[in-house]
4 protein chains.
Amino acid sequence: MSPKIVNKEEKKAEIIHAAMIVFAKRGLVKTKMIDIAEQAGIGKGTIYEYFRSKEDIFATAFQYFFSEMTTAIESILADTEDPVEQLKLLMTESLNSLQHVGSDFAAIMMDFWAEGIRNKDQRILSIINLKKIYENYRRTIRTILEDGISKGVFKPVNTLYTSAVLIAAFDGLILQWIMDRELIDLEKVTNVLISNFLEGIKK
Amino acid sequence: MSPKIVNKEEKKAEIIHAAMIVFAKRGLVKTKMIDIAEQAGIGKGTIYEYFRSKEDIFATAFQYFFSEMTTAIESILADTEDPVEQLKLLMTESLNSLQHVGSDFAAIMMDFWAEGIRNKDQRILSIINLKKIYENYRRTIRTILEDGISKGVFKPVNTLYTSAVLIAAFDGLILQWIMDRELIDLEKVTNVLISNFLEGIKK
Amino acid sequence: MSPKIVNKEEKKAEIIHAAMIVFAKRGLVKTKMIDIAEQAGIGKGTIYEYFRSKEDIFATAFQYFFSEMTTAIESILADTEDPVEQLKLLMTESLNSLQHVGSDFAAIMMDFWAEGIRNKDQRILSIINLKKIYENYRRTIRTILEDGISKGVFKPVNTLYTSAVLIAAFDGLILQWIMDRELIDLEKVTNVLISNFLEGIKK
Amino acid sequence: MSPKIVNKEEKKAEIIHAAMIVFAKRGLVKTKMIDIAEQAGIGKGTIYEYFRSKEDIFATAFQYFFSEMTTAIESILADTEDPVEQLKLLMTESLNSLQHVGSDFAAIMMDFWAEGIRNKDQRILSIINLKKIYENYRRTIRTILEDGISKGVFKPVNTLYTSAVLIAAFDGLILQWIMDRELIDLEKVTNVLISNFLEGIKK
DNA sequence: TATGAATGAGCATTCATTCAT
DNA sequence: TATGAATGAATGCTCATTCAT
């Protein structure tokens with residue numbers, strides 16, 4: 001007769017997980033609350049015990065998505081201290097992990113971008129803040145580049161823009177991969193990116 | 001005896017223009033027919049004299065958007081025969097024209113991507129076919145690269161993946177620019193991309 | 001430079017004729033003004049030069065339909081003075097003429113009934129007045145029956161109800177014929193009606 | 001833990017009941033979803049929890065209407081084995097029950113006819129199939145007639161057409177009654193029909 | 001805590017009617 | 001007189017959210 005004990009955070013994570021699966025399948029906009037509920041194996045109303053609104057789910061999913069990427073990046077960087085190797089690892093590992101979860105899942109990124117760009121809601125902006133997220137990405141890359149420059153491995157390039165270009169190429173390749181999975185072999189194309197681009201900035 | 005004479009094609013273009021403005025402001029999904037009508041200064045019902053449905057407007061806008069890009073690209077390529085110069089021009093001019101129409105407008109591309117990726121409707125697929133559009137973009141770049149290789153200007157790189165990387169970088173930079181217009185100076189960042197990347201593939 | 005001279009009444013009749021054709025094909029409710037205009041080979045707006053509204057067209061068509069029936073009936077009755085023969089002729093000729101115009105056309109009667117029954121609009125009620133129309137039909141039959149009774153041909157039946165039953169059978173047979181043209185041979189079934197029913201009321 | 005328990009079938013029946021009332025009042029075509037909802041004392045959206053579409057409501061109402069008639073007919077026939085009596089009972093009881101529900105309600109039949117005749121939608125045709133319904137009615141009457149003929153009570157009439165005529169008279173009388181409730185006393189007119197018509201086919 | 005029945009705001013679309021030409 | 005481009009009221013339907021159980 002004791003009340004069912006539920007780990008709130010755990011269940012939230014479960015719902016987010018379910019939501020991500022449906023987002024990947026149907027896209028953000030076409031996903032209905034009932035879809036998420038069914039995927040999570042719970043009742044429609046139950047979702048509202050854990051999330052205020054559909055937007056809240058979206059924002060939380062957004063957070064999970066990018067925080068996981070950040071965590072992955074950080075762990076990658078700890079593996080080596082060679083700037084060239086770090087950049088290589090960063091690209092290959094990031095693309096590998098995306099390839100692993102699948103292009104459907106990667107397509108969520110499109111939705112996150114599209115939504116994240118417009119969102120002006122102050123309550124949500126603190127969570128869905130692509131500007132800040134990309135600032136962080138760039139900062140990570142810049143640190144590597146500056147490290148490489150000071151070590152004499154890289155030319156004295158503009159680290160802000162170089163980091164932007166690297167991230168840009170990464171995002172753009174995912175986009176093309178989503179559209180044409182057969183054609184774009186992420187591994188090979190990453191090698192092309194790395195070999196050519198690093199060649200350009202290496203001393 | 002004679003009713004009001006209207007240039008149907010002109011009016012369609014006007015409505016598409018209005019739609020694009022609203023798409024840019026509100027995003028594709030949140031745009032309502034009444035928004036487009038008000039922006040165009042016409043009645044809600046009038047839109048249906050020129051377009052079958054909301055989806056039809058979207059598909060037509062999509063077509064306008066990418067066909068304009070294609071036209072712009074073609075005219076750029078006619079200006080010079082030097083492969084290096086062609087690639088430079090392609091990047092700078094494309095980014096310039098996007099910069100010119102504004103980031104709100106460029107944000108439509110996000111919506112087009114997000115929608116285009118998921119759309120499986122056969123009727124629409126013939127119009128909204130990002131896969132094909134990107135194939136064309138890559139083919140254009142490949143031709144330049146192959147030309148450059150045969151002329152001995154470029155190393156014998158994998159032209160498919162190199163073209164993919166170049167386009168990727170372009171798309172990704174726009175994305176970052178949309179999110180942070182102050183930080184990302186498209187001109188400067190393009191120079192960085194060109195100088196570093198071309199350096200990597202030049203012989 | 002003289003203005004085009006148009007016979008207003010003639011053109012009204014043309015439009016009504018076109019309307020009837022479309023009513024027969026699509027049904028009253030699903031018929032749009034544009035359908036009538038196209039069938040009549042004129043512009044949508046032109047209809048409003050001759051009719052105030054869609055309802056006006058309907059009411060006029062209604063009038064045409066039933067006044068034609070009445071005219072047909074009257075001419076039939078003039079052919080003979082024998083009450084038995086008059087009833088026979090009335091049934092056979094009425095059914096024949098309906099058979100001739102076709103079941104699609106006869107189906108309009110269903111629409112007229114459905115609409116006529118509900119219509120409470122006073123402006124229209126003077127035109128679409130099924131109650132009065134059926135009173136007239138019954139009066140015609142009653143006159144024949146009374147004539148037959150006074151001539152000693154018919155039993156002294158209740159002429160009101162007998163006329164109602166005869167008209168009812170007529171209407172009901174059309175209904176079944178509309179639904180199942182192959183099965184119901186109007187000629188044969190009329191013979192059955194006449195022979196059995198007249199047998200019942202003949203002295 | 002346990003949500004509100006609703007008898008889905010019961011609620012469907014309630015909504016159909018409400019729909020029938022509105023259909024009777026306003027007519028099928030002019031009935032709006034909001035009308036049905038208000039009559040049923042529920043919200044607009046609730047209807048869609050029980051019916052897919054307006055057409056679905058209509059089809060279900062249609063089904064209820066005619067299946068009730070069929071049930072009534074079957075129970076009537078079980079009361080006696082005398083063919084003459086069966087025909088008499090069939091007419092009087094059917095008319096009585098219609099008289100009981102009221103002419104507004106009977107007017108729905110007009111709408112059903114009008115709609116049923118045109119409907120060509122295959123999905124709906126299996127439900128709204130007046131041709132089949134009338135075939136069943138005729139078969140019922142034919143069985144009685146054939147029974148009567150073999151028992152030597154009726155002349156060897158054409159049973160198909162005779163049954164068609166009987167049903168026709170029934171339908172037609174309802175039509176006149178709907179239009180003129182004061183004038184047409186269903187009981188008396190049925191007696192006239194029975195006495196005259198049966199007289200005609202009795203041996 | 002969990003649920004799903006109930007709800008109504010919101011939206012795409014239709015079509016009778018108007019009116020400038 | 002004839003037209004069809006323009007219009008917006010009207011309506012079926014969806015779906016996020018609420019709340020009684």
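A short tour of the structure in this document, coming up.

Procedures and definitions
Residues numbered from 1 in each chain as written. Chains lettered and ligands numbered in written order. Predicted model: local features only at pLDDT ≥ 70, side-chain atom pairs only at ≥ 80, totals over all residues. Heavy atoms only, no water. Near = heavy atom within 4 Å. Polar contact = N/O pair within 3.5 Å; in protein donor to acceptor, adjacent residues only side chain to side chain. Helix = DSSP H or I, 4+ residues; strand = E, 2+ residues; numbered from the N terminus. Contact = heavy atoms within 4.5 Å. Buried area = accessible area lost by both parts, 1.4 Å probe. Nonpolar A, V, L, I, M, F, W, Y, C, P; charged D, E, K, R; others polar. Least-squares fit on C-alpha atoms with pLDDT ≥ 70 in both.

Some thoughts on the protein's contact with DNA strand F
Around DNA strand F, the structure places 38 residues, and the nearest of them are B:Lys11, B:Thr46, B:Tyr50, D:Lys32 and D:Lys44. For DNA strand F, the fraction of protein-proximal atoms (within 4 Å) that sit in sugar or phosphate groups is 64%. The separation between a base nitrogen of DNA strand F and a polar side-chain atom of C:Lys44 is 3.2 Å. With respect to DNA strand F, the side chain of D:Tyr48 contributes an N or O atom lying 2.8 Å from a phosphate oxygen. Put simply, the parts of the chain that give the surface near DNA strand F at least two residues each are helix H3 (44–50) of chain A, helix H1 (8–26) and helix H3 (44–50) of chain B, helix H1 (8–26) and helix H3 (44–50) of chain C together with helix H3 (44–50) of chain D.

Some thoughts on the interface of chain D and chain C
Listed per partner, the contact involves 54 residues of chain D and 54 residues of chain C. A buried area of about 4000 Å², summed over both sides, lies between chain D and chain C, and 68% of it is on carbon and sulfur atoms. Its largest share of buried area at the contact with chain C, chain D owes to D:Arg118, D:Tyr161 and D:Met179, together 18% of the area lost on that side. For the pair chain D and chain C, the number of links is 15 residue pairs in polar contact (both at pLDDT 80 or more). Only helix H1 (8–26), helix H6 (103–118), helix H8 (130–150), helix H9 (159–179) and helix H10 (186–201) of chain D provide two or more residues apiece to the side of chain D that touches chain C. Ranked by residues supplied to the side of chain D that touches chain C, first place goes to H9(D) with 15 residues. Here the side of chain D that touches chain C is built from residues that sort into 31 nonpolar, seven polar and 16 charged.

Focus: the relation of the copies chain D and chain C
With an axial shift of 0.0 Å and an RMSD of 0.3 Å, the rotation relating chain D to chain C amounts to 179 degrees. Here the two chains are linked by the operation of a two-fold rotation axis. Both copies contact each other with a shared surface, as 100% of the interface residues of chain D are interface residues in chain C too.

Concerning the arrangement of the chains
Without any contact between them, chain A and chain C keep their closest C-alpha atoms 33 Å apart. A minimum C-alpha distance of 21 Å separates chain B and chain D, which share no contact.

Examining the environment of B:Gly148
Residues and elements named next belong to chain B. Here Gly-148 shows up in helix H8 (residues 130–150). Sequence separation between Gly-148 and Asp-82 is 66 residues; the distance between their C-alpha atoms is 7.9 Å. Residues in contact with Gly-148, not counting those within four places in the same chain, are Pro-83, Val-153 and Phe-154.

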